[in-house]
Amino acid sequence: MRIGLGYDVHKLVENRKLILGGVEIPFEKGLLGHSDADVLTHAVMDALLGAAGLGDIGQHFPDTDPQYEGASSIELLKHVGELLENKGYAISNIDAIAMLEQPKIMKYKDEMEKNISDALNIDIDKVNVKATTEEGLGFTGEGLGVASQAIALLEDK
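A. Geometry of the overall build of the protein. On a plain count of helices and strands, the protein comes out with 5 helices and 7 strands. Listing the helices and strands of the protein from first to last along the sequence gives β-β-β-β-α-α-α-β-α-β-α-β. Relative to its length of 157 residues, the protein is compact, with a C-alpha radius of gyration of 15 Å against a globular reference of 15 Å. Structurally, the protein occupies a C-alpha span of about 45 × 35 × 25 Å along its principal axes. A sequence separation of at least 24 residues applies to 70% of the contacts in the protein between residues at least 6 apart. Accessible surface, the protein: about 7,900 Å² in total, of which carbon and sulfur atoms supply 48%.

So this is what it looks like as structure tokens:
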């Protein structure tokens with residue numbers, strides 16, 4: 001068994017879409033980043049890559065590479081799934097959390113889990129998404145950004 005931890009953070013800005021777990025969430029601000037800035041999916045990718053000993057998303061999808069500008073993080077996650085498959089790893093489970101004050105996102109939980117499980121070709125019951133506020137504390141609590149953490153467990157096939 002191999003365990004990986006992922007973390008990502010992006011700033012909330014105007015004139016960007018808010019995408020979490022591959023779901024576009026209606027909100028007046030979105031996340032700033034080179035790709036679609038989906039912090040939840042980025043944390044999941046980093047957890048999976050870390051568990052497999054394959055580095056991080058910055059190594060695989062550098063923000064200096066124009067081909068990843070505006071890229072769908074769910075499409076990038078599919079590539080990570082292929083890397084794991086090629087290395088002979090099976091995903092046992094993924095647990096991910098988004099930290100933000102607004103908007104409330106739990107009504108999108110099922111769709112996020114489906115997007116992640118579909119991208120990785122795994123059963124949906126192997127993916128858990130949750131959210132929390134930070135009670136007004138820090139940059140997430142002040143509504144300046146969104147952070148996400150994920151943990152993943154891999155096993156040899």
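B. Main features of unusual backbone geometry. With an omega dihedral of -5 degrees, the bond running from Gln102 to Pro103 counts as a cis peptide bond. Here Pro103 lies in the loop between β5 (89-99) and α4 (109-120). In this structure, Asn15 takes a positive phi of about 65 degrees despite not being glycine. Here Asn15 shows up in the loop between β1 (2-13) and β2 (18-20).

C. Seen up close, the side chain of Glu101. Within the secondary structure, Glu101 sits in the loop between β5 and α4. One buried charged side chain, Glu101, makes no salt bridge at all; its nearest oppositely charged neighbour is Lys104, positioned 5.7 Å away. Separated by 2.7 Å, the side chain of Glu101 and the backbone nitrogen of Glu134 make a polar contact. Here Gly136 takes part through its backbone nitrogen, which lies 3.3 Å from a polar atom of the side chain of Glu101. In this view, Glu101 contacts Thr133, Glu134, Glu135, Gly136, Thr140 and Gly141; residues no more than four positions away in its chain are not counted.

D. Region of interest: helix α1 (residues 39-51). In this model α1 runs 18 Å from its N-terminal to its C-terminal C-alpha over 13 residues, within 8% of the 18 Å that 1.5 Å per residue would give. The buried count for α1 comes to 12 of 13 residues, which makes it a mostly enclosed element. Restricting attention to buried positions, one finds in α1 the residues Val39, Leu40, Thr41, His42, Ala43, Val44, Met45, Asp46, Ala47, Leu48, Leu49 and Ala51. Positive backbone phi, approximately 70 degrees, marks Gly53, located one or two places after α1.

Rules used in this analysis
Think of each chain on its own: its residues are numbered from 1, step by step along the sequence as written. Confidence filtering applies because this is a predicted model: local features only for residues at pLDDT of at least 70, side-chain atom pairs given and counted only at 80 or more, and all residues used for totals across whole chains, interfaces and linings. Computation of side-chain values covers all heavy atoms of the structure but excludes hydrogens and water. The numbering of helices and of strands both runs from the N terminus, where a helix is a DSSP run of H or I of at least 4 residues and a strand a run of E of at least 2. Atoms counted for the radius of gyration: C-alpha only. Globule rule: 2.2 Å times the number of residues to the power 0.38. Contact definition: two residues touch when any of their heavy atoms are within 4.5 Å. To measure how exposed things are, a 1.4 Å probe is used in the Shrake-Rupley method; for residues, cover is taken only from the protein chains shown. Here the term buried applies to any residue with accessible area under 20% of the maximum for its type, exposed to any over 50%, and partly exposed to those in between, with areas from a 1.4 Å probe on protein chains only. Positive charges come from Lys and Arg alone, negative charges from Asp and Glu alone, with His and the N- and C-terminal ends not counted. The working definition used for a salt bridge is a side-chain nitrogen of Lys or Arg within 4 Å of a carboxyl oxygen of Asp or Glu. Nitrogen and oxygen atoms within 3.5 Å of one another constitute a polar contact, given that in protein one can donate a hydrogen and the other can accept it, and given that sequence-neighbouring residues count only through two side-chain atoms. How far a helix is expected to stretch is found by multiplying one less than its residue total by 1.5 Å.

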